Amino acid sequence: PLDGEFAVDGFEITFLQNKSAGIYTPRTVELYVSENGRDFMPAYTVESLVAASEPAVCLSLFALTDAARYKARFVKLVFDVDVFAFACNFRIFGGSLRGDELPVIAVCDEVRHVGMRKREDGYSSTVIIYHGYWDSTMNYGEKFVKNTVNDLIPYVGYIDENGNITDTMFDSVVFLLLQSRSPSGGKTVFFGSGEHNATIKSDFDYFIENLFADGYNMDALNTAFGTVKSKLGLDVEAKLNVSVQLPYVYKTDMPFGDINGDGKDEIAVTLEQRTAIYEYYIDKIIAKFASKNYENIKLAAFYQGCEGVPVAMSEDEYKLFSAVNDAVHARGYKATWIPCFLGTGFWRWKELGFDFAYLQPNYMFSHWPKESLDEFADIIDKYGLGAEIELNHTSVNPSCAAFEKDSRKYLDYLDYGAKRGYMNAALAFYQGAGPGSMYNAAMSSDSRSRNIYDSTYRFIKEKYSPEKDNVR
């Protein structure tokens, strides 16, 4: 609050940019004005003169003076935060009222409220299944990236305690690259500065080979859903939606490989060059999928693997996300995303061209009170997002010391989903690999672990009730 009613005609604030410490200058800073402290109006927007990708430690000044005059008693600043934001020297410019100030026309929260992302057939409940790179040096088995038919059946069909398929389960699957690893040692999502992480064409080709390996992953999913269709007597034309993660294309002058047959290696420096590499991978996936003539699954979408817009990489990242999604749409597919809790750019998901975006609550892996799920519900309701539900392996393994705590935490997700409405929104489920915690729950002889699977089934069918189903 100000010390009284004044004319406001500008502001100034300084941010620190220190990329190596995860301290980034915001893209823009907005000043809002209000006469009553409840209803605010955006008055000014100032863009940064320093990019979040700037490697040097420096200060970024946001300043505007002698702008339009507003009568205000209260002001507030709005800016995005990626990891950390350090600010100082906040000043408001203006002076005494003259009577010619512009009126404050409030933008109420109700006007900005969007509502949670609604379900659509084939996108009401998606489950993450992993594929990708494995070698003998890793501390887990090859099964983590090679899913079999038996592994996948409990995801696409609901299995009762006697092993019978009695209903459908998740209505879509997204294949993600396990731990962002690649044969070259590069990463498939953005990490840190990006140095030496560039993924190359041979990695992309490996991922495709693994995804379409005979009898595994995509092949196995097709057979698994075919089994479910047969057991349940579903329409022979019914198909399960499947999405594929796009590996992140780093900005680098390292050679990627030849993608157009001209005998020259491409590089990934400009926005256009990076987009072309994405298009190469998209087209390879589409062609490989078409060559398989799958009867029971449909390639429906491509998934952005980065959990936030990696603004530390370059000034092009927002444009890159949009360009890739445009390429996906031009080929007739949808674009999906699961940003981490308050990940950079999460609120701009629709502007960036995503058809479905699900926010991670990150409650399972944090020391947060369960009431944080209330805040989560408010956020996805405000910005029109779907919800990710997170299941850790400790939640379904009774021999783990954290079993009681983490199984209760998982049921907190479901309880709040039923109470706050995100049970009825578009849903995505994280549940690990090898073949996954939900599989382990389905196959468990322990009723507490099995309850995780049964409760999830009722939740995705919109029939879960905390009062009736909460077995603790």
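Everything below is about the structure printed above this text.
Described in the following lines is the structure provided in the data block. (Residues numbered from 1 in each chain as written. Predicted model: local features only at pLDDT ≥ 70, side-chain atom pairs only at ≥ 80, totals over all residues. Heavy atoms only, no water.)

Of note, Asp 100 is situated in the loop between strand 7 (87-95) and helix 1 (109-112). Overall, Asp 100 belongs to the partly exposed group, its relative accessible area being 44%. Counting along the chain gives 30 residues from Asp 100 to Tyr 70, while the straight-line C-alpha distance between them is 8.7 Å. Among the polar contacts made by the side chain of Asp 100, one reaches the side chain of Arg 98 at a distance of 3.0 Å. (Helix = DSSP H or I, 4+ residues; strand = E, 2+ residues; numbered from the N terminus. Buried < 20%, exposed > 50% of the residue type's maximum accessible area, 1.4 Å probe, protein only. Polar contact = N/O pair within 3.5 Å; in protein donor to acceptor, adjacent residues only side chain to side chain.)

Turning our eyes to something else, we now look at the packing of helix 2 (residues 149-156) against helix 4 (residues 218-232). Here helix 2 crosses helix 4 at 55°, and the two axes come no closer than 8 Å. In terms of orientation, helix 2 lies oblique with respect to helix 4. Of the two possible hands of crossing, helix 2 and helix 4 adopt the one that is right-handed. Taken together, the residues of helix 4 that come into contact with helix 2 (itself represented by Val 149, Leu 152, Ile 153 and Val 156) are Ala 220, Leu 221, Thr 223, Ala 224, Phe 225, Thr 227 and Val 228. (Axes fitted to C-alpha atoms, helices over the stretch in contact; angles between N-to-C directions. Parallel < 35°, antiparallel > 145°, perpendicular 65-115°, else oblique. Left-handed = near helix turned anticlockwise from the far one by under 90°. Contact = heavy atoms within 4.5 Å.)

Glancing now at the nonpolar core. One recurring pattern in soluble globular proteins is that nonpolar side chains are buried together. Of all hydrophobic cores here, the largest spans 123 residues; its most connected members are Met 218, Phe 302 and Tyr 422. Per-element tally for this core: the top contributor is helix 5 (residues 271-292), with 9 residues. By size, the runner-up hydrophobic cluster in this structure holds 17 residues, among which are Phe 15, Met 41, Ala 72 and Val 75. (Core = buried A, V, L, I, M, F, W, Y, C linked by side-chain atoms within 4.5 Å.)

This part takes up the pairing of strand 15 (residues 297-304). Every regular strand shows the same layout, with side chains that alternate between the two sheet faces. Judged by how many residues are buried, strand 15 sits mostly within the fold: 7 of 8 residues are covered. Bridge analysis of strand 12 (residues 240-246) against strand 15 gives 7 bridges, and the strand direction is parallel. Within strand 15, the residue paired with Leu 246 across the bridge is Gln 304. Pairing of strand 15 with strand 16 (residues 334-337) involves 4 bridges; the strand directions are parallel. In the sheet register, Tyr 303 faces strand 16, and the bridge partner there is Thr 336. In this region the chain leaves strand 15, passes through helix 6 (residues 317-330) and returns to the parallel neighbour strand 16; the handedness of that crossover is right-handed. (Pairing = 2+ DSSP bridges. Right-handed = clockwise from strand over helix to strand, strands pointing away.)

Further remarks concern the packing of helix 3 (residues 201-211) against helix 5. The contact between helix 3 and helix 5 brings their axes to 11 Å, and the two run at 25°. As far as their axial angle goes, helix 5 and helix 3 are roughly parallel. The interaxial crossing formed by helix 3 with helix 5 has right-handed handedness. The residues of helix 5 that touch helix 3, namely those facing Lys 201, Phe 204, Asp 205, Phe 207, Ile 208 and Leu 211, are Ile 277, Tyr 280, Tyr 281, Lys 284, Ile 285 and Lys 288.

Counting through the fold element by element, Arg 408 comes out in helix 8 (residues 403-420). Overall, Arg 408 belongs to the partly exposed group, its relative accessible area being 35%. On a C-alpha basis, the gap between Arg 408 and Gly 132 in space is 31 Å, while along the polypeptide they are 276 residues apart.

All told, the structure shown has 22 salt bridges when counted by the stated rule. When the shortest N-O distance is used, the salt bridge between Lys 146 and Glu 142 registers 3.5 Å. The class for Lys 146 is partly exposed, based on a relative accessible area of 24%. Taking the relative accessible area as the measure of exposure, Glu 142 reaches 35% and is therefore partly exposed. For Lys 405, the salt bridge goes to Asp 406, with nearest N and O atoms at 2.7 Å. For Asp 406, a relative accessible area of 5% gives the class buried. (Salt bridge = Lys/Arg side-chain N within 4 Å of Asp/Glu carboxyl O.)

Looking now at the sheet that holds strand 11 (residues 172-177). Pairing is parallel in the closed barrel, where 8 strands are placed in the order 8-11-12-15-16-17-18-19. Sheet twist, expressed as the mean angle between neighbouring strand axes with direction ignored, is 30°. Along the sheet, helix 6 makes contact with strand 12, strand 15 and strand 16, crossing strand 16 at roughly 140°. Across the face of the sheet, helix 10 (residues 447-460) comes into contact with strand 8 (125-131), strand 18 (386-390) and strand 19 (427-430) while running at roughly 160° to strand 19.

Right, let's talk about the side chain of Thr 25 for a bit. Here Thr 25 shows up in the loop between strand 1 (6-17) and strand 2 (28-34). What makes Thr 25 buried here is its relative accessible area of 4%. A polar contact of 3.2 Å, which involves the side chain of Thr 25, links it to the side chain of Ser 60. Dropping the residues within four chain positions of it, Thr 25 is found in contact with Phe 15, Leu 16, Gln 17, Ser 48, Val 50, Ala 51, Ala 52, Ser 60 and Phe 62.

Next up on the list: unusual backbone geometry. For the bond from Gly 434 to Pro 435, the omega torsion is -5°, close enough to zero to count as cis. Summarising the element assignment, Pro 435 is placed in the loop between strand 19 and helix 9 (437-443). Its identity as a non-glycine residue notwithstanding, Asn 362 has a phi of 60°, on the positive side. Along the polypeptide, Asn 362 turns up in the loop between strand 17 (356-359) and helix 7 (372-383). Looking at Asn 362, the relative accessible area reads 15%, which means it is buried. Look at Glu 462: it is not a glycine, yet its phi comes out positive at around 65°. Mapping Glu 462 onto the fold places it in the loop between helix 10 and helix 11 (466-469). Accessibility expressed as a relative area gives 37% for Glu 462, which makes it partly exposed.

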